[in-house]
Amino acid sequence: MPSILGLLLAWLGGCGCAGRLGPPWPGSRGTPPQGWERPLLRSRRSWVWNQFFVIEEYAGPEPVLIGRLHSDVDRGEGRVRYVLTGEGAGTVFVIDERTGNVHVTKTLDREEKAEYTLLAQAVDRASNRPLEPPSEFLIKVQDVNDNPPVFPHGPYHATVPEMSDVGTSVIQVTAQDADDPSYGNSAKLVYVVLEGLPFFSVDPQSGVVRTAIPNMDREAQAELLVVIQAKDMGGHAGGLSGSVTVTVTLSDVNDNPPKFPQSSYQFSVLETQPPGSPVGRLRAHDPDEGDNARLSYRLLDGAGPFAISTDPLGRDGILTISQPLDFEQRQAYALRVEAANTRVDPLYIRQGPFKDVATVHVAVEDAAEPPAFARPSYQLAVPENSPPGTVVGKITASDLDTPSSAIRYSILPHSDPGRYFSISPQDGTLRTALPLDRETLAWHNLTVLATELDSPAQAAPVPVLVHALDVNDNVPTLAPGTEPFICHGTRPGQLIQTIWALDQDEDGSGSRVTIRSLPGLGPSNITVQDNTDGSATLLLQTSRLPPPGGPPLLVPLELVDGGRPHLPVPARRCPALLPAAPHHWRPPGLSTAALLAILGCGASLLALAGLLARGRPKGGARMTLPEEGEVRENIISYDDEGGGEADTQAFDMAALQRPPPPALSPGTPHLAACLAARLGQADADPRAPPTTRCRSMVTRVGGRPVAASAPWAPPGGAARGKGVTLVSGGPSFAPWLSSTGAKRGLPEATPTSCHAMGPRPPPSHS
């Protein structure tokens, strides 16, 4: 057999491959016939090459002859040597250098290398000189079916919706064959299903896998395994094959309605559970998954004191309490609960309805409860000043449990720190323990505690608000600080003062007080005019007033509703009083009376200067007033003996920095009276600038009171010397007042003041 195959290979390789340029005559054996002349022919190549072929995977006992090389220059004399070079020369392919036979030495694989390129050349054996140029030729490896089909991307995984129609494409599988597709049927593949019937089928040529039956149910089987085989040689016998697995997963569709596993449920709950407490859970079964299995729950035919909600996963219905339960009112409830899919696929609506209903029975259990009051809070009232033991109201509570218990009542101590009230422990009657005073405390916030006698742990509080009602138990009084007085010189019809009355009682008991004078009582020269707003105006009718120092004018007043207090109005002598009507501000100026007063003051100053000149010390020391802003020291000499520590309080250090006042002669009462008269005229001048306060000073000089005032005097400014009280009369009279008040033995001045009635413009700073 090998010799025959070798002869076949030699014939295949040499046919048209190993050749030479033969003679042009037919039947020639290499020598021309006699009488024939060689024609002159055009020279051509000595090699005629075709492809050599070798079958792959052939393994013989010895090298296989695949062809023969021969040159025309080879005359058979043995002087030509054949040389083979190129791919695989000397290892895969060898040549007989004498005959030119080419042999393959080992098994070839077309899938590794399909062809080889070699160079053949004839050389002189002796000189190794090329007899002809080298020629190139190919050796091709002929394919045999030695590679089965393979699936490079297997195994496969695919997904198809459940309930898909027949012929729905699932996936396409692809196999590859390494054999030569251009030679025979070695690479022609055919696909068949080995496993997975009758659910799936495969296209023999394209390898597309499709569903073969309808209504594949995921809930019955969610995953299927399919085995696909690919065979070469067109599926004929003797061909090679390969297989792959395809895992097909059925995806879910909403084709199943929810279903309660039981038609009735039983729950129980204590009546004391607050709203929002859970009662129980219900779950309807839906074999679908994901959003197709999400459910919503609701109560049908009225929910009563219950509510139902769906958990975040959309699986369970949670039944809760929505209103307080009362075992004594109702002990059981029957509810109907519906579970429905939140999303329904119209393609499978025929599978519905996608909802289910179950009955839920809820039993309310009795529990120990604290006493319940008849009202959530109490607001009671009692008149103030009621005697102890007065009934304020009654607090009522009851035990709703069965059997019921007796109730005991008490007041929490912290809610009644004054112990104004008491309560009957048996029936809850609230009484006063002390008289109440609305003006001190109008509202009392109590907390009453009701406790079960059989179970002291069961107790409940209730707020009780007690209002102390007002009674007319407070006499109206004048407002604090009401001390009216009248100055001599007040004109008739002028306002003396506006007085106010107060009543601590609340509205309805006469808090708006009417002030009026009693007819036939009191002085006729003062009129009381009620303003209907709790105030009254005192007006002067005539200028006849008691002399200064006499008894005060008593004006009897009637304050309705209440007692009748008398308002004392002392009469005082004032040199001037601003009118009660509001004044309009006018630019400051001096009237004739004011000019005369100033001239009189100037004459008085000249007289004082003469007196000071006569009382100058003999040493001739001249004492001058320091200029404004000038500070100097003065040495004062006197003949009195030192009094020790008493001298430290006898002198004002500020007085030591100014010249001592001149001594005032005993004959000055007329001067003081003159000054008082002049200043009185100036104060009475209506054209003088208005002031907010009127300062007056009454000084007893020589046993007679002399009054002095200055409308321009600033508030305050009082200075005190030894044994005399001085009131500032303005900057122009400060030196005179200081000089007169510094002399010992002068009586003390008595200051008085009167307030102007009505509004006043701001004081002038000029």
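None of the values given here were measured: they were computed from a predicted structure.

(A) Expanded view of the pattern of salt bridges. Applying the stated criterion across every chain, the model contains 17 salt bridges. Note that Arg218 is salt-bridged to Glu289, the shortest N-O span being 3.7 Å. Of this pair, Arg218 sits in the loop between β12 (208-211) and β13 (223-231) while Glu289 sits in the loop between β16 (278-283) and β17 (295-300), placing them 71 residues apart in sequence. Exposure remark for Arg218: the relative accessible area of 11% places this residue in the buried category. A single salt-bridge network, built from bridges that share partners, covers Arg218, Glu219, Asp252 and Glu289.

(B) Focus on the pairing of strand β35 (residues 526-530). The sheet contact formed by β35 and strand β36 (residues 535-540) spans five bridges and is antiparallel. From the neighbouring strand, Asp530 faces β36, where its bridge partner is Ala536. If you look at the hairpin formed by β35 and β36, you'll find four residues sitting between the two strands, and Thr532 has a positive phi there, around 60°.

(C) Geometry of the packing of aromatic side chains. For the structure on display, the rule yields six aromatic pairs. Centroid distance Phe151 to Tyr191: 6.2 Å. Interplanar angle 50°. Geometry classified as tilted. Of this pair, Phe151 sits in the loop between β7 (135-142) and β8 (156-161) while Tyr191 sits in strand β10 (residues 190-195), and the two are 40 residues apart along the sequence. Per residue, the accessibility class of Phe151 equals that of Tyr191, and both read buried. Centroid distance Phe260 to Tyr297: 6.4 Å. Interplanar angle 55°. Geometry classified as tilted. Placement of Phe260 in the loop between β14 (241-251) and β15 (264-270) and of Tyr297 in strand β17 is noted, with a sequence separation of 37 residues between them. With a relative accessible area of 5%, Phe260 lands in the buried category. In this structure Tyr297 comes out as buried when scored by relative accessible area, which is 7%. Counting every residue linked through ring pairs, the aromatic cluster contains Phe260, Tyr265 and Tyr297.

(D) Spotlight on the environment of Glu365. With respect to the helices and strands, Glu365 occurs in strand β21 (residues 355-365). What makes Glu365 partly exposed here is its relative accessible area of 36%. Along the sequence, Glu365 and Asp326 sit 39 residues apart, while their C-alpha atoms lie 9.0 Å from each other. Dropping the residues within four chain positions of it, Glu365 is found in contact with Ser268, Val269, Leu270, Glu271 and Phe327.

(E) Region of the structure containing the pairing of β7. Along β7, the buried face is formed by Ser135, Phe137, Ile139 and Val141; none of Glu136, Leu138, Lys140 and Gln142, which line the opposite face, is buried. Judged from the four bridges that link them, strand β1 (residues 52-55) and β7 form a sheet pairing that is parallel. Bridge pairing in β7 links Ile55 to Gln142. Pairing geometry for strand β6 (residues 115-124) and β7, over six bridges, is antiparallel. Residue Leu119 lies in a different strand from β7, and its bridge partner there is Glu136.

(F) Structural detail: the sheet that holds β6. Pairing in this open sheet of four strands is mixed, and the strands run β1-β7-β6-β3 from one edge to the other. Looking along the sheet, the strands with just one partner apiece sit at the ends: β1 and β3 (80-86). In this sheet, adjacent strand axes meet at a mean angle of 30° when their direction is disregarded.

Thresholds applied
Residues numbered from 1 in each chain as written. Predicted model: local features only at pLDDT ≥ 70, side-chain atom pairs only at ≥ 80, totals over all residues. Heavy atoms only, no water. Salt bridge = Lys/Arg side-chain N within 4 Å of Asp/Glu carboxyl O. Helix = DSSP H or I, 4+ residues; strand = E, 2+ residues; numbered from the N terminus. Buried < 20%, exposed > 50% of the residue type's maximum accessible area, 1.4 Å probe, protein only. Pairing = 2+ DSSP bridges. Phe/Tyr/Trp six-rings, centres within 6.5 Å; stacked < 30°, edge-to-face > 60°. Contact = heavy atoms within 4.5 Å. Axes fitted to C-alpha atoms, helices over the stretch in contact; angles between N-to-C directions.

Geometric values such as these leave the question of function open.
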